[in-house]
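Now for the letters of each chain:
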Amino acid sequence: MTTSTPVPEQHGATVEAGAAPVVPVGVLGARGRMGTEVVKAVTAAGDLELVAMVDAGDWLFDVANAGAQVVVDFTRPDVVMDNIRFCIDHDIHCVVGTTGFDEERLATVAGWLRAKPDVGVVIAPNFGIGAVLLMRFAQEAARFFPSTEIVELHHPGKVDAPSGTAARTARLVAAARDAAGLPPSPDATTDSLPGARGADVDGVRVHAVRLTGLVAHQEVLMGAAGETLTLRHDSYDRASFMPGVLLAVREVRRRPGLTVGVESLLDL
Ligand SMILES: NC(=O)C1=CN([C@@H]2O[C@H](COP(=O)(O)OP(=O)(O)OC[C@H]3O[C@@H](n4cnc5c(N)ncnc54)[C@H](O)[C@@H]3O)[C@@H](O)[C@H]2O)C=CC1
Ligand SMILES: O=C(O)C1=N[C@H](C(=O)O)C[C@H](O)C1
């Protein structure tokens, strides 16, 4: 039970005596689709304080000057590495939702973190709890089905294809198939238009749809003789990502080093 005497806290916020201090948070990509939602969510959270909003053309040093302890990055795959490097160099923990991470990029971030053992970085292609569960269910089911393909469907403003979530799902499914000793999914195609069979991610076909009216959706289709299993997740609103983002913001300072995905934060 905290006492009711308010004590001054940094950045103008106040906290109850004995309560955990408010965490100063900066948002990169603050004027984007996700950034706008993150700004709203952080502002509404009593234990967090929004201290910096940075978008393209703004000065990145603003997040350091404002005293941000945690930065949330929803920018673009072509700028996110520079942002992470900056934060690590300035001892700022990072929660990264921006996509475009392959094993090489993750290894680079892990390498930077070795010089800063107290800094934490969480990188997750999807903060939606349902999407995280879908990935886990797909991993579990993969070994029982000779065929798996993935269809991701998004709003037409998305710059990368396939989605980061679909790429990660494909890699997880491929690893589960390999571990079970499954051969490649059967496919007799010898004659096709370029792209007709989707992208090949570690041997799993991934198809990307861009459609006005959509937000973020994914289906994992699995087939065996005489049956199919379809796992589907739909984000109809970017609010769906906020519980995961806020969880990562609250946890990242306690998790030095690189954390990929929010599974471990959810005890999955
Ligand atoms: N992990 C997750 O749960 C989710 C991840 N995403 C990913 O987040 C990223 C952003 O998505 P959206 O918000 O839809 O894109 P968006 O295009 O609406 O927003 C990106 C923002 O970043 C800004 N920006 C560009 N360069 C910058 C820089 N150097 N510094 C600061 N800001 C910069 C842009 O001006 C823009 O306002 C994408 O990679 C997307 O795939 C999107 C939804 C959920
Ligand atoms: O750009 C988006 O919108 C999304 N991006 C992430 C991805 O590429 O997986 C997460 C979600 O699908 C929405």
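Thresholds applied
Residues numbered from 1 in each chain as written. Chains lettered and ligands numbered in written order. Predicted model: local features only at pLDDT ≥ 70, side-chain atom pairs only at ≥ 80, totals over all residues. Heavy atoms only, no water. Axes fitted to C-alpha atoms, helices over the stretch in contact; angles between N-to-C directions. Helix = DSSP H or I, 4+ residues; strand = E, 2+ residues; numbered from the N terminus. Parallel < 35°, antiparallel > 145°, perpendicular 65-115°, else oblique. Left-handed = near helix turned anticlockwise from the far one by under 90°. Contact = heavy atoms within 4.5 Å. Buried < 20%, exposed > 50% of the residue type's maximum accessible area, 1.4 Å probe, protein only. Pairing = 2+ DSSP bridges. Right-handed = clockwise from strand over helix to strand, strands pointing away. Near = heavy atom within 4 Å. Polar contact = N/O pair within 3.5 Å; in protein donor to acceptor, adjacent residues only side chain to side chain. Areas by Shrake-Rupley, 256 points an atom, 1.4 Å probe, with all protein chains shown as cover. Nonpolar A, V, L, I, M, F, W, Y, C, P; charged D, E, K, R; others polar. UniProt positions renumbered as here; feature names shortened; annotations may be inferred.

**Observations regarding the packing of helix H5 (residues 129-141) against helix H6 (residues 164-179)**
Where H5 meets H6, the closest approach of the two axes is 8 Å, and the angle between their N-to-C directions is 25 degrees. Relative to H6, the element H5 is oriented roughly parallel. In the crossing of H5 with H6, the sense of the turn from one axis to the other is right-handed. Two secondary-structure elements touch here, H5 through Met135, Ala138 and Gln139 and H6 through Thr165, Arg168, Thr169, Leu172, Val173 and Ala176.

**Quick word on the pairing of strand E3 (residues 23-28)**
Regular strands place side chains that alternate from one sheet face to the opposite one. Of all 6 residues that make up E3, 6 are buried, and the element is covered over most of its length. Here E3 shows two buried faces, one formed by Val23, Val25 and Val27 and the other by Pro24, Gly26 and Leu28. Relative to strand E4 (residues 48-54), E3 is paired through 6 bridges, and the arrangement is parallel. Bridging across to E4, proline 24 finds its partner in glutamate 49. As for the winding sense of the linkage, the β-α-β connection from E3 through helix H1 (residues 33-44) to E4 is right-handed. The pairing of E3 with strand E5 (residues 70-73) spans 4 bridges and is parallel. Residue pairing across strands places glycine 26 opposite valine 71, the latter belonging to E5.

**A few points about the site of ligand 1**
If you check the shell around ligand 1, you find 22 residues, and the closest are Arg33, Met34, Asp55, Thr99 and Phe127. A distance of 3.3 Å is found between a nitrogen atom of ligand 1 and a backbone nitrogen or oxygen belonging to alanine 56. Between ligand 1 and threonine 99, the relevant distance is 2.8 Å, taken from an oxygen atom to a side-chain nitrogen or oxygen of the residue. Within the complex, 82% of the 870 Å² of free accessible area of ligand 1 lies under protein.

**Details of the sheet that holds E4**
Sheet architecture is open: 6 strands sit in the order E4-E3-E5-E6-E7-E13, paired in parallel fashion. Each having just a single partner strand, E4 and strand E13 (257-260) make up the two edges of the open sheet. Sheet twist, expressed as the average angle between the axes of neighbouring strands with direction ignored, equals 20 degrees. Note: E5 against strand E6 (residues 93-96), 4 bridges, orientation parallel. For valine 70, the partnering residue across the bridge sits in E6 and is histidine 93. Helix H3 (residues 80-89) contacts E3, E5, E6 and strand E7 (120-123) of the sheet and is inclined by roughly 160 degrees relative to E6. Where helix H4 (residues 103-114) meets the sheet, its contacts fall on E7 and E13, and the angle it forms with E13 comes to roughly 150 degrees.

**Description of the packing of H3 against H4**
Between H3 and H4, the shortest axis-to-axis distance is 10 Å and the interhelical angle comes to 15 degrees. As judged from the angle between their axes, H3 and H4 are roughly parallel. Crossing handedness for the pair H3 and H4: right-handed. The segment H3 lies against H4, with Val80, Met81, Ile84, Arg85 and Ile88 engaging Arg105, Thr108, Val109, Trp112 and Leu113. Of the residues assigned to the contact of H3 with H4, the class counts are 7 nonpolar, 1 polar and 2 charged.

**What to know about the environment of histidine 233**
For histidine 233, the location among the structural elements is in strand E12 (residues 227-235). Residue classification places histidine 233 among the buried residues on the basis of a relative accessible area of 16%. For histidine 233 and aspartate 102, which are 131 residues apart along the polypeptide, the C-alpha to C-alpha distance reads 23 Å. Discounting residues that sit within four places of it in the chain, histidine 233 has contacts with Gly130, Ala131, Leu134, Ala216, His217 and Gln218.

**Concerning the UniProt feature "domain: Dihydrodipicolinate reductase C-terminal" (unreviewed entry) in the protein**
Feature annotation in UniProt places "domain: Dihydrodipicolinate reductase C-terminal" (unreviewed entry) on residues 130-265, given in this structure's numbering. Helix makes up 28% of residues 130-265 and strand makes up 29%, while its end C-alpha atoms are separated by 14 Å.

**So, the site of ligand 2**
Neighbouring residues of ligand 2: Thr99, Pro125, Asn126, His154, His155, Lys158, Asp160, Ser163, Gly164, Thr165, Ala216 and Phe241. For ligand 2, an oxygen atom lies 2.4 Å from a polar atom in the side chain of threonine 165. When the free accessible area of ligand 2 is taken as 320 Å², the share hidden by the protein chains comes to 84%. Residues that form the shell around ligand 2 fall into these classes: 3 nonpolar, 7 polar and 2 charged.

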